[in-house]
Protein chains: 2
Amino acid sequence: MVDSARSRPGGRTARTRTAVLDACVAELADRGYAGTSVDAVAARAGINKATIYRRWGGKDGLLADAVETFATHQAHPEALPDTGDVDEDLRLWARSVLATLTGPTSAPVIRALFGAAGDSPAVRDLRRRFWRVRSALVIPVVERAVDRGQLPPGTDPEDVVKHVGAPLYYRFLVLDEPLTPHAADQAAATAAAAAHAGVYRSGDPTD
Amino acid sequence: MVDSARSRPGGRTARTRTAVLDACVAELADRGYAGTSVDAVAARAGINKATIYRRWGGKDGLLADAVETFATHQAHPEALPDTGDVDEDLRLWARSVLATLTGPTSAPVIRALFGAAGDSPAVRDLRRRFWRVRSALVIPVVERAVDRGQLPPGTDPEDVVKHVGAPLYYRFLVLDEPLTPHAADQAAATAAAAAHAGVYRSGDPTD
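Residues numbered from 1 in each chain as written. Chains lettered and ligands numbered in written order. Predicted model: local features only at pLDDT ≥ 70, side-chain atom pairs only at ≥ 80, totals over all residues. Heavy atoms only, no water.

1. A closer look at the interface of chain B and chain A
- The interface of chain B with chain A comprises 37 residues on the first partner and 37 residues on the second.
- Both sides of the chain B and chain A interface together cover about 3,300 Å² of buried area, and 56% of this is carbon and sulfur.
- Linking chain B with chain A are six salt bridges, by the criterion used here.
- Put simply, B:Arg127 and A:Asp176 hold a salt bridge, and the shortest N to O gap is 3.9 Å.
- In terms of residue count, the dominant contributor to the side of chain B that touches chain A is helix α9 (residues 157–175) of chain B (twelve residues).
- Taken together, the residues that form the side of chain B that touches chain A break down as 19 nonpolar, seven polar and eleven charged. (Contact = heavy atoms within 4.5 Å. Buried area = accessible area lost by both parts, 1.4 Å probe. Salt bridge = Lys/Arg side-chain N within 4 Å of Asp/Glu carboxyl O. Helix = DSSP H or I, 4+ residues; strand = E, 2+ residues; numbered from the N terminus. Nonpolar A, V, L, I, M, F, W, Y, C, P; charged D, E, K, R; others polar.)

2. Some words on the relation of the copies chain B and chain A
- Take chain B, turn it by 180°, move it 0.0 Å along the axis, and it overlays chain A with an RMSD of 0.0 Å. Here the transformation between the copies is reduced to the relation of a two-fold axis. (Least-squares fit on C-alpha atoms with pLDDT ≥ 70 in both.)

3. Things to note about helix α3 (residues 38–45) of chain A
Residue and element names in this part refer to chain A.
- The complete set of buried residues in α3 reads Val38, Val41, Ala42 and Ala45. All buried residues of α3 project into a common sector of 100° when viewed along the axis, lining one side.
- Here the buried face of α3 lies against α2 (11–35), α4 (49–56) and α5 (59–74).
- Positive phi shows up at glycine 46, right after α3, with a value of about 70°. (Buried < 20%, exposed > 50% of the residue type's maximum accessible area, 1.4 Å probe, protein only. Arc of directions from axis to C-beta.)

4. Notes on the side chain of B:Lys162
- Take B:Lys162: it is sitting in helix α9.
- Among the residues examined, B:Lys162 registers a relative accessible area of 8% and is labelled buried.
- There is a polar contact of 2.9 Å between the side chain of B:Lys162 and the side chain of A:Glu177. (Polar contact = N/O pair within 3.5 Å; in protein donor to acceptor, adjacent residues only side chain to side chain.)

5. Here we look at the confidence of the model for chain A
Residues and elements named next belong to chain A.
- With 88% of its residues at a pLDDT of 70 or more, chain A has an overall mean of 88.
- Here helix α1 (residues 2–7) stands out as the least confident element of chain A, with mean pLDDT 42; helix α10 (residues 181–196) is the most confident, with 98.
- Low pLDDT (under 50) marks residues 1–7, which in the prediction has five contacts with non-local residues, meaning those over four places away or in another chain.
- Interface predicted TM-score (ipTM) for the complex: 0.85; the corresponding pTM is 0.87. (pLDDT = per-residue confidence, 0-100.)

6. Brief notes about α2(A)
Residue and element names in this part refer to chain A.
- For α2, spanning 25 residues, the distance from its first C-alpha to its last is only 31 Å, which falls clearly below the expected 36 Å at 1.5 Å a residue.
- For α2, the principal kink sits at alanine 29 and spans about 85°.
- Taken residue by residue, α2 has Gly11, Val20, Leu21, Ala23, Cys24, Val25, Glu27, Leu28, Gly32 and Tyr33 as its buried positions. (Expected span 1.5 Å × (residues − 1). Bend = angle between axes of the 7 residues up to and from the residue.)

7. Examining the environment of A:Thr190
- The topology assignment puts A:Thr190 in helix α10.
- A relative accessible area of 1% places A:Thr190 in the buried class.
- Setting aside residues up to four positions removed in sequence, A:Thr190 forms contacts with B:His163, B:Thr190, B:Ala194, B:Val199 and B:Tyr200.

8. Side note on unusual backbone geometry
Residues and elements named next belong to chain A.
- Of note, the phi angle at aspartate 176 is positive, near 60°, even though the residue is not glycine.
- When you line up the elements, aspartate 176 lands in the loop between α9 (157–175) and α10.
- Owing to a relative accessible area of 24%, aspartate 176 belongs among the partly exposed residues under this scheme.

9. Points about the packing of aromatic side chains
- Inspection of every chain in the model, using the stated rule, returns eight aromatic pairs over all chains.
- Ring geometry for A:Tyr170 against B:Tyr169: centres 5.3 Å apart, planes inclined by 50°, an arrangement best described as tilted. Separated into two different chains, A:Tyr170 in helix α9 and B:Tyr169 in helix α9 make up a pair that spans both. Taken individually, A:Tyr170 and B:Tyr169 each receive the classification buried, so the pair is uniform in this respect.
- Connected via pairs of aromatic rings, a cluster forms that spans A:Phe70, A:Phe114, A:Phe130, A:Tyr169 and B:Tyr170.
- For B:Lys59, the ring lying beneath its charged end belongs to B:Tyr33, and the centroid distance is 4.1 Å.
- Between B:Arg111 and the ring centre of B:Phe172, over which it is positioned, the NZ or CZ distance is 4.3 Å. (Phe/Tyr/Trp six-rings, centres within 6.5 Å; stacked < 30°, edge-to-face > 60°. Lys NZ or Arg CZ within 6 Å of the ring centre and 35° of its normal.)

Here it is, written out as structure tokens:
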């Protein structure tokens, strides 16, 4: 309604943006990168495709925004782990990864991004965007743990985060095994044990 | 030659088998599961397709044999790690996984099996076969380490092996990051540290 859009500046624009990005992620989940088109997203969102071209430039700009927004929302930024205990924080993070890989709406998106045959530069760019957004949200959790002395000095936070997610994606994409809470806790415990043991200390970057 | 086939019983049959399985893996790497056909494999191997149907029943029987044979050869069974030091054994195993993921002929096979959009039951069956053959080769290495007391009693060897491979497949399929010897050593050190810390002890299988 015009009135409510006027009373909350940007309200209608924000709603349009959300509708388009949701439609774009839904198309990606349903049809993969190659099958996603601006026309279909516009139809699904119930807007004119000219709006998409004007705002996002085209398919790749739209997908980039959609995937980054999806990555942010999936990570539940309002509930990022900060219990003061790094082992528990990593466990909660692994549970968040688990939720993404098992969610009825999110799992197909992950499959479209990472299980897709697509070795195209465009898909690889979307993967990188997803990973950058997700990791940027949790890396501070590990940095705080290093600062508190819970992890050895020089620990590379990115390495820790990668080793939390790896076993879960491996189950999902490679082993085709059930993603259980136990698997998430084990993935987090694996990365935590290695981090405590100093496996991710930098300073020996021979390659 | 007929003579040499006669002088080594099964020699020609074995050579035909090798030629067909090699051709099948090459087709899989080039065209993925969906694009692989008995006709094309027969043509590539230079044999009559009736031979394939007689011996393997059809496409799926052929692919199953081809993938299992590929998995066995990739694992260099003649050089399985057995240094007496489980950390070093796991490191050598991770280097073998690395070799598979970076080999010019093997990497495309792995992409066809695991990076394929294919969520078909047939592809999932091939994935399971690949994993079963590979893990069966290295699990005894971990079992010996438990028997020697180098790892805690009750350690699940399969969990250890999975956590060695996971970070490397994650880099390959998800992160699109370079697969370096350092990454392999870090993956092995991660699983080893967690195993030493008792992360893979069973006895608490709540789910």
